[in-house]
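# Per-entry structural report
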Amino acid sequence: DKPLSVLYLLNIVRLQPGTAMPLSWIEIQDNAVRFAKRWENARREEADAQTFQREFFALFGITDILDGGVFEYKVPLDDGRTGYIDYFRPRQIAVEMKSKDKDLDAAYRQAINYVAHLSADVMPELVMVCDFHNIHLYHRTSGVVHRFKTGDLSRHVKKFAVVAGYETTRDYDDQAEVNVKAAEKMARLHDALKEHGYEGHDLEVYLVRLLFMMFADDTGIFPKDGIINYVDNSRPDGADLSDRLNRLFDVLNMPPEVREKRSLLAADLKQFPYVNGGLFADRLPPADFNARMRATLIDCCSFDWHAISPAVFGAMFQGVMDAEKRRELGAHYTSEENILKLIRPLFLDGLRREFEAAKTSPLKLDALHDKISRLKFLDPACGCGNFLIITYRELRRLEHDILKLKIDNNQRILDVSALLKVNVSQFYGIEIEDFPCQIAQVGLWLADHQMNLEIGALYGQVVTRLPLTRSPTIVRANALTTDWASVVPERELSYILGNPPFSGARFMGAAQKADMAAVFGPLKNVGNLDYVTAWYWKAAGMMQGTDIRAAFVSTNSITQGEQVAILWRPLSERFNIRITFAWRTFKWSNEARGKAAVHCAIIGFSQSAADGAKALFDENGERRAAANINAYLMDGPDMFLDSRSRPICPVPEIGIGNKPIDDGNYLFTEAEKDEFLRVEPAAAQWFRPWLGADEFINGYRRYCLWLGGCTPAELRAMPHVMKRIEAVRQFRLNSKSAGTRKIAATPTRFHVENMPKGNYIVIPEVSSERRQYIPIGFLTPDVLCSNKLRLMPDATLYHFGILTSNVHNGWMRAVCGRLETRYSYSIDIVYNNFPWPDASGAQQQAIAATARGVLDARAGFPDSTLADLYDPVVMPPVLRKAHDALDKLVRAAYGFPADLPEPDIVSRLMT
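The structure contained in this document is the topic of the report that follows. (Residues numbered from 1 in each chain as written. Predicted model: local features only at pLDDT ≥ 70, side-chain atom pairs only at ≥ 80, totals over all residues. Heavy atoms only, no water.)

## Re unusual backbone geometry
For F132, which is not glycine, the phi torsion reads 80° and is therefore positive. Unusually for a residue other than glycine, N525 sits at a positive phi of about 65°. Its place among the elements puts N525 in the loop between α19 (510–520) and α20 (533–543). We classify N525 as partly exposed; its relative accessible area is 41%. (Helix = DSSP H or I, 4+ residues; strand = E, 2+ residues; numbered from the N terminus. Buried < 20%, exposed > 50% of the residue type's maximum accessible area, 1.4 Å probe, protein only.)

Structure below.
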C-alpha cells in the first residue's frame, strides 16, 4: 500500500552476503530503537499495517517479509468460513494488526482461534497482536503474555528470538529469576577460580571486572559480542586465557593518547574503548584457567546481562562469595518495591509534584532540572548500593521526563547526552566491607548505562558515557566511627537514606557494643537499644542547622516498648528531630526464591519539621495524612511512655506468674505425672494444674509439684520427691547468678511466687499478631500460672471488659514490644501507662454485664481452644457479636464515637 522506505531499510538492516547468520542482539536492539522512533508519530491506520510489519521484521534482518511468510494467510474454520491471519510465518509467529484503540484482547482471541485451526507442523510459537502503539505477545506453548509499548520494543526484542533466528526464547519478566540465574553463573565462576587458589581481594576485584565487561558486551558499551568472541578466541585448554584477560584489563585502562603510540596493539584489543573510572587501574595477579574454567567463563559471557537489575543483583553477587549465604541465593536482597516505599515519600513524590506544577513553564522546568542535578545522597550503610542505584534510576527518569517537555518534538537533537545533568557523582556511600563497596560503584555505572539506553531510545541514539570520568564516592569504613561530613559535607548533602544492619539489643557482639558506646556515649539505658538506632543518632547530629532529610528502614522494635523513650526523647529534646513520614509495621520481604521476611518500619525524619504535610502508611500502602507523627508512629502528640512500677489509674496492680527456677524438675505433662504417681502415690495431693501462655491459649495442661506447704516429715516420706528437691538445689547452686545460688537454700519454694487466693484475670505475655483481641480470661486459685502469664488478683468483670476491648487492644498494639512479630505484653509499659475511662457506675455495670456475654459466648464452644476462638478466620459469629457489643460500650465510656478507627482511638488515648 505504501512504498517501503529504502533509506530506512539501509539504515536498519545489515546484509550478510553468503550467510544465514542472524543479526547480533546489539544490532537488533539498535534497529528497534530506530524503528520505534520512526513510528512514534505515524498515522495509526490499517492501511499502514503491511508497511509497519515489513519494517518490523526488517529489524530482525528479514529483508523480504514474503520469503518464508504470507500476508492474509487463509485458515479454513469449522463453520465453513475462512479466517485470515494478517501475517503468518510457519512455526514462528502469527500477527494480527488492529487500528488504534481497538480491543487487543479480542484480537488475540480471534488470532488464537485461527491458530488453533492450523496443522501441528506449522503451528507458530508466538502470537502477536498490535495496534501500532501497543504490542501484546503470547508464547503459545508456555502461556506467558508480554504487554509493552512499541516505544519500548528495544527492551523486549529477545522475546522474538525465534523470529530473529535464535533457537530459544527466555522469559525476562521475572526480574528476580533473571538476577538469581545471573548470580548462580557468577557463583560457578567464583568457585572455579577459588578452587585453584585465586581468592580474597584479588578474586573479588576480578569478578567485578568480568561482570562489568559482560554487561558492557550486552548493552552496547563494547562492540557487539566483543567480549565473548575475545574469550572464545583463546586456546581450548584455557592456557592463554589468563594472559589475554590481563592484556584486556590493561587496554581498558589505556587512554587514547597512549593507544596511539601502541602501533602493534592487536586489532581484537583496539576495538575496546577506554573505560577509566579506576575499575581497571590496579594490576591483578594472573588467574590461571583450564578448559573447564574457560567453558564456565564462556557460559557466563553467553548469558544476557542487559536484563539484570543492578540494584538487586549486587546483593546476590555478594552472596556468591559466601557458601552459607549462597544456599538461599537471592533470598536477602532488598526488592525495588520496598526501596521505593522509602524514596517516594522522602523526596521523589515531592519532586514529581514540582514537575507537574512546572510542566507549562520552561523556566520552572529549567530550575527543576538544575535542582535535581545538585541534589546529593548519602547511604551510610550502603552495602551493594541498592538504595543508591534505585534513587539514581528514578532521578534519571525524572530528568528524561523533563527533557521530553523541554525538547520540541520536531527539534532534531544531535547529541542528547550533552543535555544530561544528573550523574553518579551525586551519590555517596559508606560500607564496612570491601567487596560490596566495589559492587556498589560498578552497580551505579551499570545503572547509568541502562538509563543511557532509555534516553537513547527516546531520541533514536545510542548514548554511551565513556570514559567513566564521573564516579560515585563509596568509602570503605565503619560508618559509626567515621565522620560522615568527611565523606560529603553537611552543607552539600540533601538526603540520608538506607537500610542499616538489624541487630537486637540482646544479640550484639563486642564490636557492635563498642560502636554503640562510641556513638551514644553516656546516654542512659543504651544497652536496651537496637544497633540500627546508632544511624539515627549520627544522622540527627549531621542534620543540625541544615535542611537535610533522612529515612531509614528499621526493625519496628525501635518504635515499641522501652526503646521509644530511650531513643526518641533525646532525639526530640537534644536534636529537635521530628518524624515527617512513616510506614508502620510491615513485612520487609523480597520476590526471590527462599524469601526472607522481617517486620520493619520505615521512618522519615528531619530537624524542626513541625510544619509541612506528614503521612502515615499502613502495611497495604494506604496513606493517611497526619497532623503530628509521634515516636509510636501514631498521629498524636509527642509522648514517651516510661517504664512505670504502678498504674497511672486507680485499678488493681498486675504481676507476673510463678517462676520456679527448677530445671524442669517440678513440671510434668499428664503422662509424666501419672508415671511419677505410680512410684510416689503420696505426692498426688501436692500436684496443681500449671498454665503458661501457650497452655492457656492452646488448651492443654501441665502440672506442677508445689511443695511450699509440705512439712519436713511429709517430704521425707516421699523419696522420689526428695530426689527432685535435691536436683533443684544442685541446679541452683551451680548457677552463675548469685541470686539463684542464694535460693538454693529453699529448694521447695519458687524464685517468684504469685498465687492469688480468689479468682483472677490472666493475660498472656506473648500472643499472635494475627488476633484482633488478646485471649484474656479468668482462672481459679487452684491453678498455678507461670511467669509467661500476667496475673490480676481481685479483678472484676468490669476490669475484664475494659482489658478485652478493642480500645485496650489497640493501645497494646501501638505501644507494646514484640517478640519477633508477636505481641509482647509489658506490665510496666502497656498496662501501667494505660488510661482507663472515667466510667459512671451505670456504665461499669453495663460493661460488666456485656463482658459476661463474651465469656458465655466462649462457653458455647467447649471443644474449642482460645486459639481457635480468636483465630480471625474461624472466630464464631456469636463471639464476634459479643465483642462488638462490648467494644461499643467501652468506646462510649471514653466518649469515643462508635465508628472511630483504631489509630484515632490510640491518638485520643495518648492525648
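## A word on the sheet that holds strand β19 (residues 702–705)
A sheet is described by the order of its strands in space; here 4 strands give the open sequence β17-β19-β18-β23, paired in mixed fashion. Edge positions in the open sheet fall to β17 (667–668) and β23 (784–785), since each of these has one partner strand only. For β17 and β19, the ladder comprises 2 bridges, and the chain directions are antiparallel. Across the sheet, the residue bridging to F668 is Y703, located in β19. (Pairing = 2+ DSSP bridges.)

## Topic: the side chain of Q53
By the secondary structure assignment, Q53 is in helix α3 (residues 49–58). Look at Q53 and you get buried, because its relative accessible area is 3%. When near neighbours in sequence (up to four residues on either side) are disregarded, Q53 contacts I65, F71, D86, Y87, V95 and M97. (Contact = heavy atoms within 4.5 Å.)

## Some points on the nonpolar core
If you look at the biggest cluster of nonpolar residues, it comprises 119 residues, and the most contacted ones within it are F520 and W568. The element that contributes the greatest number of residues to this core is α20, accounting for 8 residues. Apart from residues lying up to four places away in sequence, F520 is in contact with V526, L529, T533, A534, W537 and L567. Ranked by size, the runner-up nonpolar core spans 98 residues in total, among them L189, F212, L340 and I402. (Core = buried A, V, L, I, M, F, W, Y, C linked by side-chain atoms within 4.5 Å.)

## Focus: empty space enclosed by the protein
Vacant regions in the atomic arrangement are exposed by a probe of water-molecule size rolled over the atoms. Under the counting rule described, the total for this entry stands at 5 cavities of 30 Å³ or more. Considering only enclosed or pocket space, the largest cavity measures out at about 100 Å³ in volume. Listed by contribution, the elements that provide at least two residues to the lining of the largest cavity are α21 (563–575) and β12 (577–588). Per element, the largest residue contribution to the lining of the largest cavity is 3 residues, and it comes from β12. Across the lining of the largest cavity, the residue classes tally to 6 nonpolar, 3 polar and 3 charged. (1 Å grid on protein atoms, 1.4 Å probe; cavity = no way out; pocket = protein on both sides within 12 Å on 5 of 7 lines; lining within 4 Å. Points joined across faces, edges and corners; volume = space filled by probe spheres on them. Nonpolar A, V, L, I, M, F, W, Y, C, P; charged D, E, K, R; others polar.)

## A closer look at the packing of helix α28 (residues 806–815) against helix α33 (residues 902–910)
One way to put it is that α28 packs onto α33 with a least axis distance of 9 Å and a crossing angle of 80°. Judged by the angle between their axes, α28 and α33 are roughly perpendicular. Note on element contacts: α33 touches α28 through E902, I905, V906, L909 and M910, opposite V807, G810, W811, R813, A814 and V815. (Axes fitted to C-alpha atoms, helices over the stretch in contact; angles between N-to-C directions. Parallel < 35°, antiparallel > 145°, perpendicular 65-115°, else oblique.)

Just distances and angles here, no functional claims.
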